[in-house]
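Next come the chains, spelled out residue by residue.
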Amino acid sequence: MLNVHLIPHTHNDVGWLKTVDQYFYGARNDIQHAGVQYILDSVIPQLLADPTKRFIYVEVAFFYRWWRLQAESMRQAVTQLVNEGRLEFINGGWCMNDEAATHYNAMIDQMTLGLRFLQETFGECGRPRAVWHIDPFGHSREQASLFAQMGFDGFFLGRLDYQDKASREQLREMEQIWRASASLQPPSADLFTGVLPNGYNPPLSLCWDQFCSDSPIVDDASDENNVDSLVVYFLETAATQAKHYRTNHIVMTMGSDFQYENANLWYKNMDKLIKHVNAQQHNGSQVHVLYSTPTCYLWELFKANLSWSLKYDDFFPYADGPHHFWTGYFTSRPAFKRYERLSNNFLQVCNQLEALAGPVARMGPYGEGDSTVLRRAMAVAQHHDAVSGTEKQHVANDYAKRLAAGWDACQVLVSNALASISGNKENFIYCNYLNISVCPLTESASTFMVILYNPLGRRVSWNIRLPVKGAAYSVTDPNGQTVLNEVVPVSNFTWAVRRDRGDATHELIFPASAPPLGYSSYTVLKTASRDLRSRLAKRIREQAQPRVDAWSPREIQNEHLQVLFDPVTGLLREIQNLDKSISLPVSQNFFWYNASIGNDDSAQASGAYIFRPNRSEPFRVAGRARTYLVKNKLVQEVYQNFSSWCSQVVRLYAGQAYVELEWTVGPIPIDDGLGKEIISRFETSLQTDGRFYTDANGREILERRRDYRATWNLSQTEPVAGNYYPVNSRIYIKNKKFQLTVLTDRSQGGSSVADGSMELMVHRQLLYDDNRGVGEPLLEPGVYHDGLVVRGRHLVFLDTVESSAYQHRLQAQQEFMAPQLVLAPGGGPSFHRGQRNLKQFSALKQELPPSVHLLTLAQWDPSSILIRLEHQFERGESTNGSQPITVDLLHLFSSFTITSLQEMNLVANQKREAMNRLSWRPATGAARRQPYPPLNPLGVTLQPMEIRTFLATIRYAGPSGGQAEL
């Protein structure tokens, strides 16, 4: 028999055209008719009425809400459906996350949040076995690796490049094994992967939702009777589809976006379809139709006992037509992409301090602290129409509002924790506008405290910049030693960005450091005399109109690097690594692509999803930059002004082994009627042979080749957009000796469109919709409704190929898990009477090795915490970093004692030793699963790119958490 598995499903975006709340409640149906609560209300009675029916559900963010509204009788009925496999959860994450613009830390966290709810609510029967990523716009290799480590048996996807799909159909390679890691020992990151035949929609003419216009099945005595014709059509459709697949089992996705509000329409017609098609078996038909789920379908494929081809690359970029490359969303909504990245940074700080301080963090002198609000907001932000930037503007605003509420709740928790650990109840201040030099406390106070909390497991150094009005300050470290500092004028670029938000005239700069998983407190005191203040004010006025003239900068330099500039154009010209005696001509400038406008049916416009420039050569923003130079003992900076809407600071701090480029772009001018897509381009003399390298979700690196795909013969129709790839944290080019690496502070699109060249798209402002559903152009208004201004940083490394990984791996992690600044006026009372004030604190007894990253430290329940340790180097990429490393986990922490330890899978919903994934047989590169060694808490060994997850029962060192003074 040819077995046709009908999979009833609904796809519920956690925000897109409407906000999360609007989708759940069915509000704003003038935008889109969709109400998720009614879908579940409608489906459950259908399942209860007929034991043959099945339904799958994905988005736990919605199901969690619906579940909370149900009576106990309904909860019991649903639990029974889950236990019988008739209601099956697939994926199980809080959302169906994006795969291009997401970072692996946030991906893991959002999956953990959803799967934990299912585990605690339904037990083992609620644990999903299959992945259902039907709508993300391209698929990441790292995502597949993470899913394998989460214990999934298979991965079903809906979108892939139209040329790739045609090739797979011809070769019957719609299903294969994805070997998703070049470092982890197979099959630990192997995942069976299937391409669905119709995206996630039903076959043509077989859609029976209330939103569809296809004819229902009429099977009684009527002129409308269409059974015979529909049965013939269905059998032909099934036979055609079966030609592209290798077993006698195929799948049909019966549902689509927000369908099943009236589930009776679907089930009544599918009942008839099953009845009449199966009845043809009496006439010799070899087709059998049944209600099914992805897990049941996957099991039948496994039982076929075939060997399957291997895939080693990823599914980027995705195109659904010759000029329709979905590579614009890699950059869309760049400010939100940065806010999401910062929010994850703060969430990890919040999680850690909650675990370190214990119960007092959640209920303390500052009120009720709660990490859950930010955790859920971050999980929602991972949705494939959230951080991707493909939502409507009012929905983007709602995502940001949710994150802001999460920040507020976590700030209370962090304040409680810091007061408990430090011993002082200070008036803690969180200055969230430091990127535009705004902080009321530092601008107005004559003295204040700066607390630098370090979430990494190793000591870090950090250059602190604070907006001030004074002319001179003294800074002392936790030991009372004076710290060198400098006061520099606020740049005219910052004045333009912040407008009426702040009035600081200077920035105070000083180097600071913080111990691993701990903090250092610095004291700042204003000391400037009135005369000195007047002199500095005059200096600011003189520099308010920078220009290119005889003192145009020719170089900036520190102990490690020298950066040369063209004295005529003011542009970057050369970078020299003084430690390695490497000199590389490097030019950097800003360009824009004019967007295709797509004003008729035959043209494709650039939009939120699609990047399509109207020509391959971009326009230079300016051939020369107006510049001025700042040099002091701590930093050397060249300020470059390219236009009224594009500027940059090229910066070298003392001791820094990379060049920092802080760019400010916007509002992008569109008064010529053309949308613009802004890039920062680096051009070098490196012979790169059409190759460049990008990271996958912040972890492993993939080689990219211009105009090439590893799994099919590419017919390139868009030489720029068709070579763009997602860059989550880094992109680099290299020859046999040297490597130029650029780290990003958010997800961006990047490429190398010519040998020796590398570019990153930093901003987009577009005038036309790209007709992919969002229904509005990507035209962000910004705070002042004249266009969005975005500021960001690129960190540039020049080193040998052999040494580069050690440099960029550690720095990328430090940027992602950056130290958190908390300020206070000082002089607060003791937390407990007689408690000593700790100006420096570490929660670790010893620093972690550089190759080991403390990925997660979070409260799991009142007596246990979740710990993830990660080896952050790939196999063979670094002599120093790529070796296996062993850590004494039992005695690592000073704030608590681990009394028991259980190793779990990546999302902590299975004991590691209980994981028993299906063992698929590869056609080549056979892999044998190795048994897990017994856990030794005194010696936890990590292999390159391995993440190990633990639930630890703990006992705190004191009544309010642990305190360890350095």
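A quick note: this is a predicted structure, and the numbers were derived from the prediction, not measured.

### Remarks on the confidence of the model for the chain
Then comes step 1: Averaged over all residues, the pLDDT of the chain equals 94, while 95% of them reach at least 70.
Then comes step 2: Every residue in residues 543-551 is under pLDDT 50, and counting partners more than four places away or in other chains gives 19 contacts.
Then comes step 3: Below a pLDDT of 50 lies the segment residues 959-966, which in the model reaches 31 contacts outside its immediate sequence neighbourhood of four places, other chains included.

### Points about the pairing of strand β31 (residues 691-695)
Note on strand geometry: in a regular strand, side chains alternate between the two faces of the sheet.
Then comes step 1: Of all the 5 residues making up β31, 4 are buried; the element is thus mostly covered by neighbouring parts of the structure.
Then comes step 2: Pairing of β31 with strand β32 (residues 701-705) involves 5 bridges; the strand directions are antiparallel. Looking at β32, one finds that R691 is bridged to R705.
Then comes step 3: Counting the residues between successive antiparallel strands, the hairpin from β31 to β32 contains 5 residues, one of them, N697, with a positive phi of roughly 55 degrees.
Then comes step 4: Where β31 meets strand β34 (residues 730-734), 2 bridges bridge the pair, whose relative direction is antiparallel. Residue pairing in the sheet places T694 in a bridge with I731 of β34.

### Details of the nonpolar core
Then comes step 1: Ranked by size, the top nonpolar core spans 210 residues in total, and within it I867 and F893 carry the most contacts.
Then comes step 2: It is helix α14 (residues 393-422) that provides the largest number of residues to this core, a total of 11 residues.
Then comes step 3: By size, the runner-up hydrophobic cluster in this structure holds 24 residues, among which are L441, L466, A512 and A514.

### Some thoughts on the sheet that holds strand β44 (residues 896-904)
Then comes step 1: As summarised here, the arrangement of the 4 strands in space is β41-β42-β47-β44, forming an open sheet in which the pairing is antiparallel. Looking at which strands have only one partner, the edges of the open sheet turn out to be β41 (852-861) and β44. Adjacent strand axes in the sheet meet at a mean angle of 25 degrees when their direction is disregarded.
Then comes step 2: In the sheet, β41 pairs with strand β42 (residues 864-871) via 8 bridges, with the strands oriented antiparallel. When the sheet's bridge partners are listed, T856 is paired in β42 with R868.
Then comes step 3: The sheet contacts of helix α11 (residues 334-357) involve β41, β42, β44 and β47 (947-956), and relative to β41 the element is tilted by about 60 degrees.

### Overview of the state of the cysteines
Then comes step 1: All chains considered together, the criterion is met by 3 disulfides.
Then comes step 2: Covalent S-S linkage joins C350 and C410, the inter-sulfur distance amounting to 2.2 Å. An S-S torsion of about -90 degrees defines the bridge between C350 and C410 as left-handed. Of this pair, C350 sits in helix α11 while C410 sits in helix α14; the two residues are 60 residues apart in sequence, bridging distant segments of the chain.
Then comes step 3: Covalent S-S linkage joins C431 and C439, the inter-sulfur distance amounting to 1.9 Å. Between C431 and C439 the disulfide shows an S-S torsion of about 50 degrees. By sign, it is right-handed.

### Some points on unusual backbone geometry
Then comes step 1: Of note, the bond from P186 into P187 is cis; its omega dihedral lies within 30 degrees of zero at 5 degrees.
Then comes step 2: A cis geometry characterises the amide bond from F316 onward to P317, with omega recorded as -10 degrees.
Then comes step 3: With respect to the element layout, P317 can be found in the loop between β11 (310-311) and α11.
Then comes step 4: The phi dihedral of R172 is positive, around 55 degrees, even though this residue is not glycine.
Then comes step 5: Mapped onto the elements of the fold, R172 is located in the loop between α7 (162-171) and β6 (175-179).
Then comes step 6: Note on R172: relative accessible area 38%, which makes it partly exposed.
Then comes step 7: Within the chain, N771 stands out as a residue other than glycine whose phi angle is a positive 60 degrees.
Then comes step 8: Structurally, N771 can be placed in the loop between β37 (757-765) and β38 (790-800).

Procedures and definitions
Residues numbered from 1 in each chain as written. Predicted model: local features only at pLDDT ≥ 70, side-chain atom pairs only at ≥ 80, totals over all residues. Heavy atoms only, no water. pLDDT = per-residue confidence, 0-100. Contact = heavy atoms within 4.5 Å. Buried < 20%, exposed > 50% of the residue type's maximum accessible area, 1.4 Å probe, protein only. Helix = DSSP H or I, 4+ residues; strand = E, 2+ residues; numbered from the N terminus. Pairing = 2+ DSSP bridges. Core = buried A, V, L, I, M, F, W, Y, C linked by side-chain atoms within 4.5 Å. Axes fitted to C-alpha atoms, helices over the stretch in contact; angles between N-to-C directions. Disulfide = S-S within 2.5 Å.

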